[in-house]
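For reference, the chains in residue letters:
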Amino acid sequence: MALTNAQYDEIMREYQRRQNQVREALSAREREAYERIPELAGLDERIASESTAYARVLLAEDGTAEGSPAPRSGGESSMAPLSDEAGKAGGPAISRDSESRLPEDTARFQNDGHSRADLPAKDDRAGNHGAAHSQPPGISALKARIEEISSQKERLLKMAGFPKGYLEPEYFCADCQDTGYIGREKCHCFRQASIDLLYAQSNLRRSMQGETFSAFSLDYYPKTMTDPVTGLTAAEMARRALQECRHFVKDFDREPGNLFLSGDTGLGKTFLSHCVANALLESTHSVVYFSAFRLFELLADASFGRTDENEAGEMDRYIYDCDLLIIDDLGTEMTNSFVASELFLVLNERILRRKSTMISTNLSLASIADLYSERVLSRISSNYRMLRLIGDDIRIQKRIHT
């Protein structure tokens, strides 16, 4: 699941596009506001002046040389490029090798005339308010003046009919402010972008296209075939499975849960898994989909040193931290003690992290215990909603009726 350099750069170009779009939208709102409220420009100049004074006090407190340049200030919105080479070739020139060297404080918009000088003093940010780190004389007054001027701007904007936050950037992702990173860590939106890109380039998206709840037909499940255990017909069991999957998606954020979907080959288990995946991807959740064979192949590569350490760590984050992990066709892989141990680890760890998992399989619960261990069966039976499909192979039915 690791990204190539080309894939990483493609994602970062999308972030650059988003930043440009946010910047342009903010500039348009600023032009409108400043044309209707000329007083805003004068307030910006006052904020810039006070912010510069504030910065000088902070620099003096830190023992910074008097000739050091003060932080940039002013009313114009600006966003620093993501790297020194950003924009020279239509996008940021950050490669995957340089991820670990990204600055701790990534570039941010400066708006409403504020600069970094508007931030609280270092001691305030660290939560230290002791007498040993008291603020320099006059700094409280400077902060108060800046806050008062900012309040004046807000009042003018409100009186003119502009909504609150009108002169603030409207990010696609407020958590990372469209940089892809929070500090040195990848943002959740970056991980989702990675999953989307990998799906798109592996054609998995195409194979799931059209596989939605509304397209799931109950007509293939006979009303005359009855399950001896539940007494329900095939149609009733399919309807129940469909309803449970819909509820699973609807309550996903409120009630994290897990699904175990069993049944013979060709009864629509993979189709239902795709329905769930599509619905959650549409609501911007991170979904990772593996056939059981591929999942255990990747875990074996990581465990036995056939994958470099960074790639193995990245894969672990996908498997253990994604919102939903789908393991399709459990039991089709070559089962051994390693597979049984890894399956327990994955299921147990995701339960502990309150992350949802969906499993589809042809196996019965008794076979799960025989192949993988009683511990695996215990985790599934006590933490998963059990769904079962019965009937005739839908693929054969389609061939007969076409």
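Everything discussed here concerns the structure shown above.
The paragraphs below set out a description of the structure included in this document. (Residues numbered from 1 in each chain as written. Predicted model: local features only at pLDDT ≥ 70, side-chain atom pairs only at ≥ 80, totals over all residues. Heavy atoms only, no water.)

Turning next to the overall build of the chain. Helix and strand counts for the chain come out as 14 helices and 7 strands. Taking contacts inside the chain between residues at least 6 apart in sequence as the whole, the part at least 24 apart equals 81%. With the model as given, the accessible surface of the chain reaches about 21100 Å², and the carbon-plus-sulfur share is 50%. (Helix = DSSP H or I, 4+ residues; strand = E, 2+ residues; numbered from the N terminus. Contact = heavy atoms within 4.5 Å. Areas by Shrake-Rupley, 256 points an atom, 1.4 Å probe, with all protein chains shown as cover.)

Let us now look at the packing of helix α9 (residues 292-303) against helix α10 (residues 309-321). Two elements in contact, α9 and α10, have axes whose closest approach is 10 Å; the angle formed by their N-to-C orientations is 145°. Between α9 and α10 the crossing geometry is left-handed. Where α9 abuts α10, its residues Leu295, Leu298, Leu299 and Ala302 lie against Ala312, Met315 and Ile319. Counted by class, the contact of α9 with α10 contains 7 nonpolar, no polar and no charged residues. (Axes fitted to C-alpha atoms, helices over the stretch in contact; angles between N-to-C directions. Left-handed = near helix turned anticlockwise from the far one by under 90°. Nonpolar A, V, L, I, M, F, W, Y, C, P; charged D, E, K, R; others polar.)

Sheets are built from strands that pair by backbone hydrogen bonding, the pairs being arranged parallel or antiparallel. Read across the sheet, 5 strands follow the order β4-β5-β6-β3-β7 without closing on themselves; strand pairing throughout is parallel. In this open sheet, the two strands that pair with only one neighbour each are β4 (287-291) and β7 (385-389). Taken pair by pair, the neighbouring strands of this sheet meet at an average axis angle of 15°, ignoring direction. Bridge count for strand β3 (residues 259-263) against strand β6 (residues 356-361) is 4 bridges, and the pairing is parallel. Paired with Leu259 across the bridge in β6 is Met358. Along the sheet, helix α7 (residues 234-250) contacts β3, β5 (324-330), β6 and β7; its crossing angle with β7, the most-contacted strand, is approximately 140°. Across the sheet, α9 lies against β4 and β5, angled at about 100° from β4, the strand it touches most. (Pairing = 2+ DSSP bridges.)

This part covers the packing of aromatic side chains. Considering all chains together, one arrives at 8 aromatic pairs under this definition. Seen from their ring centres, Tyr8 and Phe190 are 5.6 Å apart, and the 45° between their planes marks the pair as tilted. Here Tyr8 is found in helix α1 (residues 5-36), whereas its partner Phe190 is found in helix α5 (residues 188-201), with 182 residues between them in sequence. With relative accessibility at 0%, the residue Tyr8 sits in the buried group. Phe190 sits in the buried class, given a relative accessible area of 0%. Consider the rings of Tyr181 and Phe190, whose centres lie 5.8 Å apart with planes at 55°: the pair is tilted. The rings of Tyr8, Tyr15, Tyr181 and Phe190 are connected pair by pair, giving a single aromatic cluster. Sitting over the face of the ring of Tyr15, Arg18 holds its NZ or CZ atom 5.5 Å from the ring centroid. (Phe/Tyr/Trp six-rings, centres within 6.5 Å; stacked < 30°, edge-to-face > 60°. Buried < 20%, exposed > 50% of the residue type's maximum accessible area, 1.4 Å probe, protein only. Lys NZ or Arg CZ within 6 Å of the ring centre and 35° of its normal.)

Our next topic: the packing of helix α12 (residues 365-372) against helix α13 (residues 374-383). Axes are the key here: two packed helices are described by the angle between their axes and the distance separating the axes. With their axes 7 Å apart at the nearest point, α12 and α13 run at an angle of 140° to one another. Between α12 and α13, the angle falls in the class oblique. Across the interface between the two elements, Leu365, Ile368, Ala369 and Tyr372 from α12 touch Glu374, Val376, Leu377 and Ile380 from α13. Of the residues belonging to the contact of α12 with α13, the class tally is 7 nonpolar, no polar and 1 charged. (Parallel < 35°, antiparallel > 145°, perpendicular 65-115°, else oblique.)

Once that is clear, we can look at the environment of Arg240. Turning to its location among the elements, Arg240 is positioned in helix α7. Placed 147 residues apart in sequence, Arg240 and Leu387 show a C-alpha to C-alpha distance of 8.0 Å. Excluding its chain neighbours within four sequence positions, the residues that come into contact with Arg240 are Met386 and Leu387.

Taken together, the buried positions of α12 are occupied by Ile368, Ala369 and Tyr372. Along the long axis of α12, the arc covered by the buried residues comes to 100°, so they all point the same way. Every exposed residue of α12 that faces more than 90 degrees away from the buried side is listed here: Ala366 and Asp370. Remark: Ser373 follows α12 within two positions and exhibits a positive phi of approximately 120°. (Arc of directions from axis to C-beta.)

Moving on to the state of the cysteines. Per the counting criterion, the structure on display carries 0 disulfides. Free of any disulfide, Cys189 has its nearest cysteine sulfur in Cys176, 3.5 Å distant. (Disulfide = S-S within 2.5 Å.)

Moving on to unusual backbone geometry. Negative phi values dominate among residues other than glycine, just as trans dominates among peptide bonds. Positive phi outside glycine occurs at Gln177, with the angle close to 55°. Topologically, Gln177 is positioned in the loop between α4 (139-159) and β1 (181-182). Residue classification places Gln177 among the partly exposed residues on the basis of a relative accessible area of 21%. Phi is positive for Ser373, which is not a glycine, with a value near 120°. Mapped onto the elements of the fold, Ser373 is located in the loop between α12 and α13. What makes Ser373 partly exposed here is its relative accessible area of 24%.

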